[in-house]
Amino acid sequence: MKDAAPQPTLLADYRPYPFDVTGVELTFRLSPEATRVVARIGFAPNPARPGRNDLRLDGEKLKLHSAKIDSKPVKPDQDAEGLTVPASQLPDGPFTWDAEVEIDPKGNTALEGLYMSGGIYCTQCEAEGFRKITYYPDRPDVMAPFKVRIESDLPVLLSNGNPTAKGKGWAEWTDPWPKPAYLFALVAGDLVAVSDTFTTMSGKTVDLNIWVREGDEDRCAYAMDSLIRSMKWDEEVYGREYDLDVFNIVAIDDFNMGAMENKGLNIFNSKLVLASPETATDGDFERIEGVIAHEYFHNWTGDRITCRDWFQLCLKEGLTVFRDQQFTSDMRSEPVKRIEDVLTLRARQFREDMGPLAHPVRPESYIEINNFYTATVYEKGAEVIGMLKRLVGDDGYRKALDLYFERHDGEAATIEDWLMVFEDATGRDLTQFKRWYTDAGTPRLTVAEDWSDGSFTLTFTQKTPPTPGQDKKKPRVIPIAVGLLNPNGDEVVPTMILEMTKATQSFRFEELASRPVPSILRGFSAPVVLDRDVPAEERAFLLAHDTDPFNKWESGRALAKDVLVSMIGKDEAPSQSFIDALGRVLTNDSLDPAFRALCLRMPSEDDLAQTLHDAGQVPDPEAIHAGRGALSKAIARSLQKPLVATYDAMATPGEFAPDATSAGKRALRLACLWLLNHIDNGTRAAALFASADNMTESHGALACLIEGGRGTREIGAFYERWKDNRLVIDKWFMVQVLHAAPKDAAPTAERLAEHPDFEWTNPNRFRALLGALGANHAGFHETSGRAYRFYADWLLKLDPLNPQTTARMSTAFETWSRYDVDRKSMIRAELDRIAATEGLSRDTYEMVTRIRA
Ligand code: PHE
Ligand code: ZN
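The structure displayed is predicted, hence computed values, not measured ones. (Residues numbered from 1 in each chain as written. Chains lettered and ligands numbered in written order. Predicted model: local features only at pLDDT ≥ 70, side-chain atom pairs only at ≥ 80, totals over all residues.)

A. Fine view of the overall build of the protein chain. Broken down by element type, the protein chain carries 26 helices and 31 strands. A compact globule built from 853 residues should have a C-alpha radius of gyration of about 29 Å, and the protein chain, at 28 Å, falls within 12% of that. With the C-alpha coordinates aligned to their principal axes, the bounding extent of the protein chain is approximately 85 × 65 × 60 Å. Out of the 853 residues belonging to the protein chain, those deemed buried represent 50%. The contacts of the protein chain with a sequence gap of at least 6 include a subset with a gap of at least 24, amounting to 70%. (Helix = DSSP H or I, 4+ residues; strand = E, 2+ residues; numbered from the N terminus. Rg over C-alpha atoms; globule rule 2.2 N^0.38 Å. Buried ≥ 20, exposed ≤ 12 C-beta atoms within 10 Å, placed from the backbone. Contact = placed C-beta atoms within 7 Å.)

Following this line, the structure appears as structure tokens:
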């Protein structure tokens, strides 16, 4: 690492920028290795910072050719992070800054700022990429209107806002809406558009374009359809209308993240745009729909109202995730979407919250902001909004949101502003609720039951374990949705919200004819862990009778976990009563196939490792893998008949449709296949692979074959068929490593890393291989430590080129403290080796030092 450890940025140190930016004019003379950026920026003293202030501008890796203030040359003091013009050299009032810099898009491997991807110029400015384009106050609370001129011979030249003029070799764009620099974007390249239009609620026509490389046009229809549905939904549900003449989306192959909401010019990872039945799975279609919506919804929650500083990131991300979840649940199935979201939350956010990287939804300190685009900020940020909505009701939520848009449009806001609109709109005091934003950690909820004389009492106790830097936790407001069933399985008390505010609190239900069975935390009404020892019969009862689909699924899930834990830890035989209960779900045709598919899915190995760790055991990854296989096999043996019948019944012949109903059938079909694959020697998977006309089934079948230690021929055939399609070849890399047997995972990854198609500087390709290794629980933690070493080697190889992706991928190690001494010391040795590497990026340094702490 560098000489001195990098210094953290603190929320407590926030101060407004001393100047307002009144306007920005940029001219780009594009050239792969020497692009010139000419900037003219209007500054005026900010009344919020009286007195005379230096002009400090951020700038990194810029070659400054000239700088002027009010047309007179100046010589600013330059350092590695920017430049300063002393107050003494500035005029009293407003002034104009002119600068010309040179940058190297082709040499930009970090993919932040202006870079090139397959001959296309594109930008990524969130969070702090604009400072690699020109000198600027690169912070979200500095908002300004932008005018952009692009000079290049490339046929398509795009920027934010509306197109205002163009000629041969140049184009001009004007964005009337003041925005922070992180929302700036520019794209130039040989692109073609798939176009449509949308008429807004006030009757304005908006031109919609999805820009892709020639040959990819036939894979844009689903993205376009999703965009149009998103625009309509935001008008109907939030009253939000689009505010420019055009909306452009560009698909880019080399992208660090999923997608980016630049004003009027969203830039997407191509895997979240391009889809056809042959090349994309149902999961891909659903993600495309969700991310197109997410980025579009940012136009209001992110762009029109942005964040004051990066500590407030959840203000735009938590809210926009919440909005895209609502959208998907309206487009598809509400219960299925809720279960999927909780699965992701537990897999990613709970894991984060229970480990060394735990941080509040609104952190108070960071070294590298790129490291805080986390499951906590995004997914827990969305859960917190869901709780707010549950507490104030649908009407209160709508009123608060209307007030939010009215009060803060055009501003850079804070979590305090956000909570204030809820207080003002509903009259509620949210002081205690705010702890969900300031305190890290997942509360654990225990429950005691009491029954006497027709009255039933539930006593809850909440406790949040310590997290880094926060030892003691105060009680939070927890909305607990509860319903009661009588012993016949009829609901006697429909869902109501119990508002818990104390460390321990009782709630009583009176005048009941018989002792009820409680269904607690319906719909997963709060992001907490419910620690409750429930007898297997009661879980099976709820799985059969609960009217709340989430808790119905949750009961089956909990049963499966109990069974697996006793099989893994105590070597017990698989529970027949569990298998029978599962069989009743499988054959219940009144249940949505997608829901049944979720019930058939085993808890993940990583989830089981955490469960065992929580129970005070040291998880053995091999034993977990074997236990999960043994249970699958027992289920398949016992339920063979209904599994085969369902497998056949869930075929979706005819033309492929990506809708939720058809996708649900395929999901159930593949869930049956997964289990049957344990007893049929791969015959069904091989047959499906040979006959499938869509990627969902062909990929699902291939995964089964590999999981069963077969599929060599099919792996080859898949490659031959798809070798010219980058996105499908990503799947090819991933499936082989993800489903490899524990001992084969690292060797397979090592072999594939030598494949000529392993273009590791492409983040999707890197994630396909290394991400799959990290996600193959038993393979990653295989006893020799070979996977750990290989993984760390690759992090070190990528770090100098692309710190952001390297740092993100280092989270594969975040759970190290769960495991046995040998594994722990092997992982620690890798973390130490990474941290000690000369020239390590600030991004990766921060992550590995936090992880090993
Ligand atoms: N703001 C983007 C989103 O969530 C994510 C992103 C962050 C993309 C940083 C690129 C860089 O929609
Ligand atoms: Zn977002």
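The rest of the description comes next.
B. Inspection of the sheet that holds strand β26 (residues 455-463) at higher detail. The strand order β29-β26-β25-β31 describes an open sheet built from four strands, whose pairing is mixed. Among the strands making up the open sheet, the edge pair consists of β29 (504-509) and β31 (529-531). Averaged over neighbouring strand pairs, the angle between their axes works out to 25° when direction is ignored. Bridge count for strand β25 (residues 444-452) against β31 is three bridges, and the pairing is parallel. Across the sheet, the residue bridging to L445 is L530, located in β31. (Pairing = 2+ DSSP bridges. Axes fitted to C-alpha atoms, helices over the stretch in contact; angles between N-to-C directions.)

C. Representation of helix α6 (residues 415-426). For α6, with 12 residues, the first-to-last C-alpha span of 17 Å sits near the 16 Å given by 1.5 Å per residue. Summarising the contacts, the buried residues of α6 are in contact with α3 (313-331), α5 (375-408), β24 (412-413) and α7 (435-438). With its phi angle positive at about 75°, G427 sits one or two positions after the end of α6. (Expected span 1.5 Å × (residues − 1).)

D. How the structure looks around the nonpolar core. The biggest cluster of nonpolar side chains holds 125 residues, and the ones touching the most others in it are L186, V187, I267 and V273. If one sorts the elements of this core by residue count, α5 sits on top with 12 residues. Apart from residues lying up to four places away in sequence, V273 is in contact with I210, C220, A223, I249, A251, F268 and I288. Counting residues in each nonpolar core, the second largest holds 120 residues, with L484, L631, F766 and V848 among its members. (Core = buried A, V, L, I, M, F, W, Y, C linked by C-beta atoms within 7 Å.)

E. Representation of the site of ligand 1 in the model. Ligand 1 sits among Q124, E126, A127, M257, A259, M260, E261, H294, E295, E317 and Y373. Mapped onto the shell around ligand 1, the elements with two or more residues apiece are β20 (259-260) and α2 (282-297). Taken together, the residues of the shell around ligand 1 break down into five nonpolar, two polar and four charged. (Near = placed C-beta within 6 Å. Nonpolar A, V, L, I, M, F, W, Y, C, P; charged D, E, K, R; others polar.)

F. Region of the structure containing the sheet that holds strand β8 (residues 82-85). A sheet is described by the order of its strands in space; here three strands give the open sequence β4-β8-β7, paired in antiparallel fashion. What marks the edges here is a single partner per strand, and that holds for β4 (55-58) and β7 (77-79). If you compare each strand with its neighbour and ignore which way they point, the axes differ by 15° on average. Two elements, β7 and β8, share three bridges in a ladder whose sense is antiparallel. Within β8, the residue paired with Q78 across the bridge is L83.

G. Representation of helix α11 (residues 593-600) in the model. Most of α11 sits inside the fold, with eight of its eight residues counted as buried. Where α11 is buried, its residues contact α4 (334-353), α9 (549-570), α10 (576-586) and α15 (660-676).

H. Region of the structure containing the environment of P516. The residue P516 is located in the loop between β29 and β30 (517-520) in this model. Given 19 C-beta atoms within 10 Å, P516 falls into the partly exposed group. With residues near it in sequence (within four places) discarded, P516 still touches F456, L484, L485, N486 and V492.

I. Fine view of unusual backbone geometry. For the peptide bond that leads from E126 to A127, omega is -5°, which places it in the cis range. Within the secondary structure, A127 sits in the loop between β11 (120-124) and β12 (144-151). Despite not being glycine, S71 has its phi angle at roughly 70°, a positive value. Among the secondary structure elements, S71 is positioned in the loop between β5 (63-69) and β6 (72-73). You will see that D453, though not glycine, has its phi angle at about 50°, which is positive.

J. Focus on the UniProt feature "domain: Peptidase M1 membrane alanine aminopeptidase" (unreviewed entry) in the protein chain. Taking the UniProt record as the reference, the feature "domain: Peptidase M1 membrane alanine aminopeptidase" (unreviewed entry) is found at residues 222-436. Across residues 222-436, helical content stands at 56% and strand content at 9%; the span's end C-alpha atoms are separated by 37 Å. (UniProt positions renumbered as here; feature names shortened; annotations may be inferred.)

K. Looking closely at the confidence of the model for the protein chain. On average, the protein chain scores 98 in pLDDT, and the residues at 70 or more come to 100%. Quick note on the complex model: pTM equals 0.99, ipTM equals 0.99. (pLDDT = per-residue confidence, 0-100.)

L. Main features of the environment of E352. For E352, the position within the fold is in helix α4. Once the C-alpha coordinates of E352 and T376 are considered, the two residues, 24 residues apart in sequence, prove to be 7.4 Å apart.

M. Examining the pairing of β12 more closely. Pairing between strand β2 (residues 19-29) and β12: six bridges, direction parallel. Residue pairing across strands places L26 opposite V148, the latter belonging to β12. Sheet analysis places β12 next to strand β15 (residues 170-179), joined by seven bridges and oriented antiparallel. Along β15, the bridge assignment pairs K147 with T174.

N. Structural view of the packing of helix α21 (residues 763-775) against helix α23 (residues 786-798). Where α21 meets α23, the closest approach of the two axes is 10 Å, and the angle between their N-to-C directions is 150°. What the angle tells us is that α21 and α23 run roughly antiparallel. The handedness of the crossing between α21 and α23 is left-handed. On the side of α21, the interface is formed by F766, L770, L773 and G774, while α23 contributes A787, Y791, W794 and L798. Here the contact of α21 with α23 is built from residues that sort into seven nonpolar, one polar and no charged. (Parallel < 35°, antiparallel > 145°, perpendicular 65-115°, else oblique. Left-handed = near helix turned anticlockwise from the far one by under 90°.)

O. Spatial organisation of the packing of helix α18 (residues 712-722) against helix α19 (residues 726-738). Two numbers describe how α18 lies on α19: the axes approach to 9 Å, and their chain directions differ by 165°. One way to sum up the angle between α18 and α19 is to call them roughly antiparallel. Here α18 runs over α19; the crossing is left-handed. Every residue of α19 that contacts α18 at I715, F718, Y719 and W722 is listed here: V728, I729, W732 and Q736. Classifying every residue of the contact of α18 with α19 gives seven nonpolar, one polar and no charged.

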